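What follows is the residue order along each chain.
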Amino acid sequence: REDLARTQAKIDERLAQHTRRANQLEQASRYTEAMSEWNNVQALDPGNSQAKRAVERIRGRIQAKAPIKVGTAYFSDNAFLNQLGLNPVFTFMR
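Digging into the environment of T32
Along the polypeptide, T32 turns up in helix 2 (residues 31–44). Among the residues examined, T32 registers a relative accessible area of 62% and is labelled exposed. Sequence separation between T32 and I62 is 30 residues; the distance between their C-alpha atoms is 8.1 Å.

Listed below in structure tokens is the structure:
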């Protein structure tokens, strides 16, 4: 029982650390990093409603700032083209 209590205490401590860090990152508009921290919270506590709401909120903020609308991005086997965000099927003007 003592081991179980110690383990739960460590989990609670890590949850608090990730939650605190996620809030700090979100306030600093570092949404991708904040999302990662909230995902860590959900990994430790899958039923955490605060993390679920935060992930949805951040997704909305990221989508609002995204230069490319969802569904228009092109992904290829060529990493260079993915970095550029170009569709190799698209033909530029000649």
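What about the side chain of H18?
Tracing the backbone shows H18 in helix 1 (residues 2–27). In this structure H18 comes out as buried when scored by relative accessible area, which is 14%. In this structure, H18 is in contact with E37, N40, V41 and L44, ignoring residues within four places of it in sequence.

Overview of the packing of helix 2 against helix 3 (residues 49–65)
Helix 3 packs onto helix 2 with a crossing angle of 160 degrees between their chain directions and a minimal axis gap of 9 Å. Between helix 2 and helix 3, the interaxial angle falls into the category roughly antiparallel. Both helix 2 and helix 3 take part in a crossing whose hand is left-handed. Mapping the contact onto sequence places Y31, T32, A34, M35, W38, N39, V41 and Q42 in helix 2 and Q50, A51, K52, A54, V55, I58, R59, R61, I62 and K65 in helix 3.

What about the nonpolar core?
Looking at soluble globular proteins, one finds that nonpolar side chains tend to be buried together. Core analysis: the largest hydrophobic core is formed by twelve residues, namely L15, A22, L25, Y31, A34, M35, W38, V41, A51, A54, V55 and I58. Elements supplying a minimum of two residues to this core: helix 1, helix 2 and helix 3. Sorting elements by how many residues they give to this core places helix 2 first, with five residues.

Comments concerning the pattern of salt bridges
A side chain of one charge can pair with a side chain of the opposite charge when the charged atoms of the two come close. Scanning all chains against the criterion turns up four salt bridges. The residue R61 makes a salt bridge to E26 at a minimum N-O spacing of 2.8 Å. Pair noted here: R61 is in helix 3 and E26 is in helix 1, with a separation of 35 residues, a long-range link. Judged by its relative accessible area of 8%, E26 falls in the buried class. Where salt bridges share partners, they join E26, R57 and R61 into one cluster.

Details of the packing of helix 1 against helix 2
Running from N to C, helix 1 and helix 2 cross one another at 160 degrees; their axes reach a closest spacing of 8 Å. In terms of orientation, helix 1 lies roughly antiparallel with respect to helix 2. Crossing handedness for the pair helix 1 and helix 2: left-handed. Here R14, L15, H18, T19, R21, A22, N23, L25 and E26 of helix 1 come into contact with helix 2, specifically with Y31, E33, A34, E37, W38, N40, V41 and L44.

The rules behind these values
Residues numbered from 1 in each chain as written. Predicted model: local features only at pLDDT ≥ 70, side-chain atom pairs only at ≥ 80, totals over all residues. Heavy atoms only, no water. Helix = DSSP H or I, 4+ residues; strand = E, 2+ residues; numbered from the N terminus. Buried < 20%, exposed > 50% of the residue type's maximum accessible area, 1.4 Å probe, protein only. Contact = heavy atoms within 4.5 Å. Axes fitted to C-alpha atoms, helices over the stretch in contact; angles between N-to-C directions. Parallel < 35°, antiparallel > 145°, perpendicular 65-115°, else oblique. Left-handed = near helix turned anticlockwise from the far one by under 90°. Core = buried A, V, L, I, M, F, W, Y, C linked by side-chain atoms within 4.5 Å. Salt bridge = Lys/Arg side-chain N within 4 Å of Asp/Glu carboxyl O.

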